[in-house]
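Reading the structure
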Amino acid sequence: KLSFSRQTDMVDIPTPSTFARSYTKAWLATYQAGVCKSSLDGTLVRFEDNLIVVFNAGRGVKRAAPPFSSVRDPFDPAKFSFLQVSEDQILGRISHQTMLAPSDEALLQHTLQDPDGEHVIFINIFPLSYYSGLLVPFLSEKRAQILSADALSVALKVARTLAGSPLWVTFNSQLAGASVNNLHFQFWLPERTLPVVTYPTHDTHMFSISDHHIAVSEPTNDEGVSFFSLPNTIASHDAVISLLAALVSVFLETGTPHNLIINSERVYVFPRQPMVVFDAGVQPGYCETAGQAYLPQREAFEAATGAGLRADIRRLVGLPHSAIDALRTAWVQRVARLTT
């Protein structure tokens, strides 16, 4: 059954967070001012075989091949970066001092009005959804699209400020859907509850770090994608950041591309196959690994089946169980070395 995107009728997202209200208000005003280069009008959605399938008319142009040769290419000042984005695309800025506060309260009450803030928020001028934006930590430092502990800390804290809303903070690594080699996360509003959060999971390891016991969950069934899931809480923040940084270091050493999606409760990390070129059909990034597939052409959307798309995602993203086992083992060993 086809339907128009539920987002086309949205005016605001009810949430107690001043941060989230400020972000959505600024996004909507900027979108309505005509800053974006594509429109969300005509977006179509259907749900089939536990997969959200979306045709976004404004993103119908086939994207260029990603400009990466590995998961750790350095920043290249000769190529496009977010330093070149015009002021009319900026939704707000946040100072790093706000991020260093011991609680989330300062960020929850933030209005994005730090004129010299190091962390800059832009509208996505080719939006995937309403409230599709970019979070660029440490913009002036010209960082490559490679996760670090301090960038992860920013992302997890921002995601916690979105409690009460359906917004997520997300990440595509190099060779995993990123198209710009300048450190950035994305704000994303899925069409409905993401399939990935409904998958049965089981705990596969319990880390003990900094007086915290952090359980890592993985999917119980073969869903075609694999993930490691950790909690996103204030109490365990530093411990979880240490664990995630250790996992990313394993990815970088093994050349493993990865996607992340983060909300106010959990972090999902998806190790995956590299995306060498963008497929003419489904283009797997964080959306597809989480269970929402975007198709760039109306004909492809109408012809696609949920089962067929899930098979495509499995083919383009999935790793064998032996590879996931090896990554988990290397992660556990890395953390053990850090804590002894």
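A brief look at the structure comes next. (Residues numbered from 1 in each chain as written. Predicted model: local features only at pLDDT ≥ 70, side-chain atom pairs only at ≥ 80, totals over all residues. Heavy atoms only, no water.)

A separate point is the overall build of the chain. For the chain, the count of helices and strands is nine helices and 14 strands. What you see for the chain is a C-alpha radius of gyration of 19 Å, in line with the 20 Å of a compact globule of 340 residues. Considering only C-alpha atoms, the chain reaches an extent of 55 × 45 × 40 Å along its principal axes. Of the roughly 14,000 Å² of accessible surface on the chain, 54% is carried by carbon and sulfur atoms. Once the 26 positive and 31 negative side-chain charges of the chain are each reduced to a mean point, those two points are 3 Å apart. (Helix = DSSP H or I, 4+ residues; strand = E, 2+ residues; numbered from the N terminus. Rg over C-alpha atoms; globule rule 2.2 N^0.38 Å. Areas by Shrake-Rupley, 256 points an atom, 1.4 Å probe, with all protein chains shown as cover. Lys, Arg positive; Asp, Glu negative; His and termini not counted. Charge placed at Lys NZ, Arg CZ, Asp CG, Glu CD.)

What follows covers the nonpolar core. Generally speaking, soluble globular proteins have nonpolar side chains that are buried together. Among the nonpolar cores identified, the biggest contains 66 residues, and Trp 27 and Trp 331 are the most heavily contacted of them. Considering every element that reaches this core, the biggest residue donor is helix α5 (residues 237–254), with 11 residues. In this view, Trp 27 contacts Leu 40, Leu 91, Ile 123, Pro 127, Ser 129, Tyr 130, Tyr 131, Ser 132 and Gly 133; residues no more than four positions away in its chain are not counted. If you look at the next biggest cluster of nonpolar residues, it comprises 31 residues, including Ile 52, Val 53, Ala 293 and Val 317. (Core = buried A, V, L, I, M, F, W, Y, C linked by side-chain atoms within 4.5 Å. Buried < 20%, exposed > 50% of the residue type's maximum accessible area, 1.4 Å probe, protein only. Contact = heavy atoms within 4.5 Å.)

Take the state of the cysteines next. One pass over the structure, following the stated rule, counts zero disulfides. Cys 36 forms no disulfide, and the closest cysteine sulfur to it belongs to Cys 287, at a distance of 16 Å. You can call Cys 36 buried: its relative accessible area is 14%. (Disulfide = S-S within 2.5 Å.)

Let us look at the environment of Ile 324. When you line up the elements, Ile 324 lands in helix α9 (residues 321–338). Residues Ile 324 and Gln 273, 51 residues apart in the sequence, show an inter-C-alpha distance of 11 Å.

Let us now look at the pairing of strand β9 (residues 201–209). Here is the key point about a regular strand: its side chains alternate between the two faces of the sheet. Here β9 runs beside strand β10 (residues 212–219); their pairing, made up of eight bridges, is antiparallel. Note that in β10 the partner of Ser 208 across the bridge is His 213. Between the end of β9 and the start of β10, which pair antiparallel, lie two residues, with Ser 210 showing a positive phi angle near 50°. (Pairing = 2+ DSSP bridges.)

Looking now at the environment of Ile 146. Counting through the fold element by element, Ile 146 comes out in the loop between β6 (133–136) and α4 (149–160). Owing to a relative accessible area of 23%, Ile 146 belongs among the partly exposed residues under this scheme. As a C-alpha pair, Ile 146 and Val 71 span 75 residues in sequence and 7.6 Å in three-dimensional space. Sequence-distant contacts of Ile 146, defined by excluding residues within four places in its chain, comprise Val 71, Arg 72, Asp 73, Gln 174, Leu 183 and Leu 252.

Turning to the layout of surface pockets, a few remarks are in order. Think of a ball as big as a water molecule: rolled over the atoms, this probe shows where empty space is left. Empty space within the second largest pocket amounts to approximately 250 Å³. Asp 222, Val 225, Ser 226, His 321 and Ile 324 are, among the 17 residues lining the second largest pocket, the residues nearest its centre. Where the lining of the second largest pocket is concerned, the elements lending two or more residues are β10 and α9. Here the lining of the second largest pocket takes four residues from α9, the largest share from any one element. (1 Å grid on protein atoms, 1.4 Å probe; cavity = no way out; pocket = protein on both sides within 12 Å on 5 of 7 lines; lining within 4 Å. Points joined across faces, edges and corners; volume = space filled by probe spheres on them.)

One pass over the structure, following the stated rule, counts one cavity of 30 Å³ or more. Taken as a whole, the largest cavity holds about 80 Å³ of empty space. Residue lining of the largest cavity: Leu 51, Tyr 199, Glu 223, Gly 224, Val 225, Glu 288, Thr 289, Gly 291, Arg 310, Ile 313 and Arg 314, and that is the complete set. Top element by residues in the lining of the largest cavity is helix α8 (residues 306–317). It accounts for three residues.

On to the pairing of strand β5 (residues 119–123), then. Counting buried positions over the five residues of β5 gives five, a clear majority of the element. A two-sided burial pattern is seen for β5, the buried positions comprising His 119, Ile 121 and Ile 123 on one face and Val 120 and Phe 122 on the other. Pairing between strand β4 (residues 90–94) and β5: four bridges, direction antiparallel. Looking at the pairing, Ile 90 lines up with Phe 122 of β5. Sheet topology places β5 next to β6; four bridges connect them, and they run antiparallel.

For α5, built from 18 residues, the straight-helix expectation of 26 Å at 1.5 Å per residue is met to within 8% by its first-to-last C-alpha distance of 26 Å. Looking one or two residues beyond α5, the residue adopting positive phi is Gly 255, at roughly 70°. (Expected span 1.5 Å × (residues − 1).)

Looking now at the packing of α4 against α5. At their nearest, the axes of α4 and α5 sit 9 Å apart, and the two run at 130° to each other. One element, α4, and the other, α5, form an angle in the oblique class. The handedness of the crossing between α4 and α5 comes out as right-handed. Residues Ala 149, Leu 152, Ser 153, Leu 156, Lys 157 and Arg 160 of α4 form the contact with α5, whose own contacting residues are His 237, Val 240, Ile 241, Leu 244, Ala 245 and Val 248. By residue class, the composition of the contact of α4 with α5 is eight nonpolar, two polar and two charged. (Axes fitted to C-alpha atoms, helices over the stretch in contact; angles between N-to-C directions. Parallel < 35°, antiparallel > 145°, perpendicular 65-115°, else oblique. Left-handed = near helix turned anticlockwise from the far one by under 90°. Nonpolar A, V, L, I, M, F, W, Y, C, P; charged D, E, K, R; others polar.)

Let us look at the packing of aromatic side chains. Overall, the coordinates contain 16 aromatic pairs when judged by the stated rule. Look at Trp 27 and Tyr 130: their rings are 5.5 Å apart centre to centre, the planes differ by 40°, and that puts the pair in the tilted class. Of this pair, Trp 27 sits in helix α1 (residues 18–32) while Tyr 130 sits in the loop between β5 and β6; the two residues are 103 residues apart in sequence, bridging distant segments of the chain. Residue Trp 27 is classed as buried on the basis of its relative accessible area, which comes to 0%. On the basis of relative accessibility, which here comes to 8%, the residue Tyr 130 falls in the buried class. Ring geometry for Phe 227 versus Phe 270: centroids 5.7 Å apart, planes at 65°, classification edge-to-face. Residue Phe 227 is found in the loop between β10 and β11 (228–231), and its partner Phe 270 is found in strand β13 (residues 266–271); the two are separated by 43 residues along the sequence. (Phe/Tyr/Trp six-rings, centres within 6.5 Å; stacked < 30°, edge-to-face > 60°.)

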